[in-house]
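Here is what each chain is made of, one letter per residue.
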Amino acid sequence: MPKVGMEPIRRDAIVRATIAELGVRKSLDVTVSQIAKRAGMSSALAHHYFGGKDQIFLAAMRQILSDFGDEARGELKAAAPQDRAQAIIRACFAPSCFTPDVIAAWMTFYVLAQTNDDALRLWQIYQARIRSNLIDALRHRLADPYEAAENMIALIDGLYIRAALTAPEEPQLAVSHAMRVLNTLLEAEK
């Protein structure tokens with residue numbers, strides 16, 4: 001008989017193990033068996049909870065996006081109205097969102113989104129949310145907040161790619177770079 005209440009604990013363990021395994025392997029060549037071993041359970045149990053590797057990986061990305069959402073809401077709540085774009089940038093590179101494991105997960109997510117419709121939909125939802133948040137944050141500060149939001153999204157993605165290749169230990173470097181670009185956009189409006 002299954003232990004009552006264990007499912008959320010085991011699902012979370014599998015998700016966390018997936019992120020950690022992606023950080024080690026840095027590719028989608030992670031097996032369910034490797035994930036399950038890291039989570040301390042059988043691969044059959046991992047399959048039972050998620051169905052397959054793609055579903056496990058999507059659950060891991062949903063967790064990463066949920067963590068980002070928590071960071072963004074916290075930063076936005078604390079920010080003055082004129083500092084909302086900066087708050088979004090800080091959330092993108094918050095320590096919980098910019099670890100080597102999470103960066104590796106993002107890189108594999110971009111690859112998976114090219115061939116998996118569910119991953120593509122999840123990426124599109126993320127893109128739409130960050131775009132709308134940046135547009136709203138920049139609406140009263142720039143003549144064309146749409147273009148500025150697209151530029152900032154491209155920069156954020158680029159900083160993640162750079163981090164994946166150089167693995168910086170300090171997320172503050174990415175924040176500083178993004179803030180300089182944002183300030184340049186804002187100064188150009190004056």
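Residues numbered from 1 in each chain as written. Predicted model: local features only at pLDDT ≥ 70, side-chain atom pairs only at ≥ 80, totals over all residues. Heavy atoms only, no water.

**Notes on the nonpolar core**
Here is step 1 of the chain: The biggest cluster of nonpolar side chains holds 69 residues, and the ones touching the most others in it are Ile14, Phe93, Trp106, Ile130 and Tyr160.
Here is step 2 of the chain: Residue contacts for Ile130: discarding those within four places in its chain leaves Phe68, Ile88, Cys92, Ile153 and Ile156. (Core = buried A, V, L, I, M, F, W, Y, C linked by side-chain atoms within 4.5 Å. Buried < 20%, exposed > 50% of the residue type's maximum accessible area, 1.4 Å probe, protein only. Contact = heavy atoms within 4.5 Å.)

**Structural notes on the pattern of salt bridges**
Here is step 1 of the chain: Per the counting criterion, the structure on display carries nine salt bridges.
Here is step 2 of the chain: Of the charged contacts in the structure, one is a salt bridge between Arg11 and Glu7, with a shortest N-O distance of 3.9 Å. Linking Arg11 with Glu7, this pair stays in helix α1 (residues 6-25), spanning four residues, or about one helical turn.
Here is step 3 of the chain: With a relative accessible area of 29%, Arg11 lands in the partly exposed category.
Here is step 4 of the chain: The salt bridge involving Asp67 is made with Arg16; its shortest N-O contact spans 3.6 Å. With Asp67 in helix α4 (residues 53-78) and Arg16 in helix α1, this residue pair connects regions lying 51 residues apart in the sequence.
Here is step 5 of the chain: Several salt bridges converge on common partners, so that one network encompasses Asp12, Arg16 and Asp67. (Salt bridge = Lys/Arg side-chain N within 4 Å of Asp/Glu carboxyl O. Helix = DSSP H or I, 4+ residues; strand = E, 2+ residues; numbered from the N terminus.)

**Observations regarding the packing of helix α6 (residues 100-113) against helix α8 (residues 145-166)**
Here is step 1 of the chain: Close contact between α6 and α8 brings their axes to 9 Å; oriented N to C, the two are set at 115 degrees. Relative to α8, the element α6 lies roughly perpendicular. The hand of the α6/α8 crossing is left-handed. Residues Ile103, Trp106, Met107 and Tyr110 of α6 form the contact with α8, whose own contacting residues are Asp157, Tyr160, Ile161, Ala163 and Ala164.
Here is step 2 of the chain: Partitioned by chemical class, the residues of the contact of α6 with α8 number eight nonpolar, no polar and one charged. (Axes fitted to C-alpha atoms, helices over the stretch in contact; angles between N-to-C directions. Parallel < 35°, antiparallel > 145°, perpendicular 65-115°, else oblique. Left-handed = near helix turned anticlockwise from the far one by under 90°. Nonpolar A, V, L, I, M, F, W, Y, C, P; charged D, E, K, R; others polar.)

**A short note on helix α3 (residues 43-50)**
Here is step 1 of the chain: Listed in full, the buried residues belonging to α3 are Ala46, Tyr49 and Phe50. On an axial view of α3, the arc spanned by its buried residues comes to 80 degrees, and they lie on one face. Across α3 from its buried face, at more than 90 degrees, point the exposed residues Ala44 and His48.
Here is step 2 of the chain: Buried positions along α3 lie against α1, α2 (32-39) and α4.
Here is step 3 of the chain: Gly51 sits one or two positions beyond α3 and adopts a positive phi of about 100 degrees. (Arc of directions from axis to C-beta.)

**Considering the environment of Ala60**
Here is step 1 of the chain: Structurally, Ala60 is set in helix α4.
Here is step 2 of the chain: Linking Ala60 and Asp12, residues 48 residues apart in sequence, is a C-alpha distance of 8.8 Å.
Here is step 3 of the chain: Ignoring sequence-local partners within four residues, the contact set of Ala60 consists of Val15, Thr18 and Ile19.

**Details of the packing of helix α5 (residues 84-92) against helix α7 (residues 117-138)**
Here is step 1 of the chain: Viewed as axis vectors pointing N to C, α5 and α7 meet at an angle of 150 degrees, and their least axial separation amounts to 8 Å. It follows from the interaxial angle that α5 and α7 lie roughly antiparallel. Residues Arg84, Ala85, Ile88 and Cys92 of α5 form the contact with α7, whose participating residues are Ile130, Asn133, Leu134, Asp136, Ala137 and Leu138.
Here is step 2 of the chain: Looking at the contact of α5 with α7 residue by residue, the class counts come to seven nonpolar, one polar and two charged.

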